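Chain by chain, the residues run as shown.
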Amino acid sequence: MTSTSRMIRTAAFVAVGAMSAFGLAACSTANPSDGAGADGSPVEITYMHRLPDGEGMTPVADIVEKWNDENPDIQVTATKFDGAASDMILKLETDVKAGTAPCLAQLGYAEVPQMFVKGLVEDVADEAAKYTDDFSAGAYGMMKVGDAVVGLPQDTGPLVYFYNATEFENLGLAVPETLEQLTTEAATSAAAGKFIAAFTPDEALYWLSAQSAAAGDTWFTTEGDKWGVDAEGPGSQRVAAAWQGLVDNKQVVMTERWGEGFTQALNDGSLIGHVGAAWEAGFLLDSLDGTPAEGQWRVAQLPDFGAGAMTGPDGGSGVAVMKGCEHPAEAMEFNAWFNTQVDDLASQGLVVAANGTPETSEKMLRQFGGQDVLAELATASANLNPDFAYAPGFASLTKMNETAAGVPTGAATVADVFATAQATAIATLNDLGLPVAE
């Protein structure tokens, strides 16, 4: 996984003590800029990011240079943070308190609400409203906390369905278009010794919450100054029942996503389908290069989990306006421009949150049999549940993974995983001093 796409995996969970005084109004709306360069000098904006800037990618510095050349009144300096995501969050907190924070910084979506309640980001809802039509509604919603908006989305991780088209044809399988069809085709496939999905306990937190979102659920809401939590809604129940049936009937591969078992099942041809995040397209099939399976796989939209053409978020990040930024309007102007440089950002390995379709790389064309993969992923990004967002302390819900580890052995059910999410979310919000609605 790329450092950016998995930024939210390593988000620091930092106890913030009693914060009920913050409630959901921890940050006031940023004052509009008093105008660039009253003395004729340009406005200076700083931007801290964790984009990889790897070989063959359009460097962030080059993208920013284009902006600077075209906007002499607003000059941007970008700096790359090379440490862990959690270290960057701690640095930002220290810098905000010292008054030395950058105007803009890249945050994983799961980090946004906690940064907000700690008073580390600005509410720029009025400025953000100018750019809503440029981005996936679901991704835009990830930058909101209640009615506040702290910046703009950059990349997304919608769930999609990967499958081996050759094996599907050989077995007479249909690409599943509904959750019910997924379970039916899984039974047919398993009878032939093949599996069209894998249950991955180490991904439970984001993977299962995203499926709940795809089924139409919203886990966190704000009700006045209180948080509402519902991780066991009808969508979660539907998802739990489907996976439990597949597990009980031994019709899926049961292995950790980031362990050797997943790659082995992929390489030996027993795993021929996978519900995964869109960003996995960049590396999922690398181990099949040069084998007979190269070029056999395709990507499709996630099957209908009960809410129509909708998917849920598994990864991604946005660019927030940090507390104390002196020129929020100009910062947001650059923010909107930068995050709509679709082809340049796609070169960084991102599934871009902005509307538009970047060009699919030669590598993806080869691995996916000539399919225009990024066009399919852009559709998935547009189909993100617009109402699903995280809450402060969401990273603490990794207890879901611990519960999910018991599913393959029968020590826990899939429904237990969602029950763990419900209990842990409420306990975490209470520990943070944030009121929870009954």
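Residues numbered from 1 in each chain as written. Predicted model: local features only at pLDDT ≥ 70, side-chain atom pairs only at ≥ 80, totals over all residues. Heavy atoms only, no water.

> Would you mind going over the nonpolar core in detail, with residue names and values included?
One finds Trp 219, Trp 243 and Phe 338 to be the most contacted residues of the largest nonpolar core, which totals 145 residues. For this core, the element with the most residues is helix α8 (residues 204-214), which contributes 8 residues. (Core = buried A, V, L, I, M, F, W, Y, C linked by side-chain atoms within 4.5 Å. Buried < 20%, exposed > 50% of the residue type's maximum accessible area, 1.4 Å probe, protein only. Helix = DSSP H or I, 4+ residues; strand = E, 2+ residues; numbered from the N terminus.)

> How would you sum up helix α10 (residues 260-267)? Please name residues and give values.
For α10, every residue scored as buried is listed here: Phe 262, Ala 265 and Leu 266. For α10, the angular spread of the buried residues around the axis is 100 degrees, confining them to a single face. Facing away from the buried side of α10, by more than 90 degrees, are the exposed residues Glu 260 and Gln 264. Packing partners of the buried residues in α10 comprise β7 (198-199), β10 (253-254), β11 (273-277) and β12 (297-301). Two residues or fewer past α10, Gly 269 is found with a positive phi of approximately 85 degrees. (Arc of directions from axis to C-beta. Contact = heavy atoms within 4.5 Å.)

> Quick rundown of the layout of surface pockets? Include the residues and the values.
Roughly 560 Å³ of internal volume is contained in the largest pocket. As for the largest pocket, its lining consists of 23 residues, and the residues nearest its centre are Ala 346, Ser 347, Gly 349, Ser 361 and Met 364. Elements represented by at least two residues in the lining of the largest pocket include exactly α12 (342-347) and α13 (362-367). At 3 residues, the largest contribution of residues to the lining of the largest pocket is made by α12. Residue classes in the lining of the largest pocket are distributed as 12 nonpolar, 7 polar and 4 charged. The space that makes up the second largest pocket amounts to roughly 280 Å³. (1 Å grid on protein atoms, 1.4 Å probe; cavity = no way out; pocket = protein on both sides within 12 Å on 5 of 7 lines; lining within 4 Å. Points joined across faces, edges and corners; volume = space filled by probe spheres on them. Nonpolar A, V, L, I, M, F, W, Y, C, P; charged D, E, K, R; others polar.)

> Outline the packing of helix α1 (residues 60-70) against helix α11 (residues 328-338), listing residues and values.
In the contact formed by α1 and α11, the axes pass within 11 Å of each other and the chain directions differ by 125 degrees. In terms of axis orientation, α1 runs oblique to α11. Read as a crossing pair, α1 and α11 show a hand that is right-handed. On the side of α1, the interface is formed by Val 60, Ile 63, Val 64, Lys 66, Trp 67 and Glu 70, while α11 contributes Glu 333, Phe 334, Trp 337 and Phe 338. Per-class residue counts for the contact of α1 with α11 are 7 nonpolar, no polar and 3 charged. (Axes fitted to C-alpha atoms, helices over the stretch in contact; angles between N-to-C directions. Parallel < 35°, antiparallel > 145°, perpendicular 65-115°, else oblique. Left-handed = near helix turned anticlockwise from the far one by under 90°.)

> Report on the side chain of Lys 194, specifying residues and quantitative values.
Take Lys 194: it is sitting in the loop between α7 (179-191) and β7. Its relative accessible area of 19% is what places Lys 194 among the buried residues. When neighbours within four sequence positions are excluded, Lys 194 is seen to be in contact with Glu 167, Leu 171, Ser 189, Gly 269, Ser 270 and Ile 272.

> So what's going on with the packing of helix α9 (residues 234-248) against helix α16 (residues 414-431)? Residues and values would help.
For any two helices packed against each other, one specifies the crossing angle of their axes together with the interaxial distance. Across the interface, α9 lies against α16 with an axial gap of 8 Å and an inter-helix angle of 145 degrees. Taking contact as the criterion, the partners of Ser 236, Val 239, Ala 240, Trp 243 and Gln 244 in α9 are, on α16, Val 414, Ala 415 and Phe 418.

> Describe the packing of aromatic side chains, listing the residues and the values that go with them.
What describes a pair of aromatic rings is the distance from one ring centre to the other and the angle between the planes of the rings. Within the structure shown, the criterion is met by 24 aromatic pairs. Consider the rings of Phe 199 and Trp 207, whose centres lie 5.9 Å apart with planes at 70 degrees: the pair is edge-to-face. Judged by relative accessible area, which is 1%, Phe 199 ranks as buried. Arranged with centres 6.3 Å apart and planes meeting at 10 degrees, the rings of Trp 258 and Trp 279 form a pair that is stacked. Residue Trp 258 is found in the loop between β10 and α10, and its partner Trp 279 is found in the loop between β11 and β12; the two are separated by 21 residues along the sequence. (Phe/Tyr/Trp six-rings, centres within 6.5 Å; stacked < 30°, edge-to-face > 60°.)

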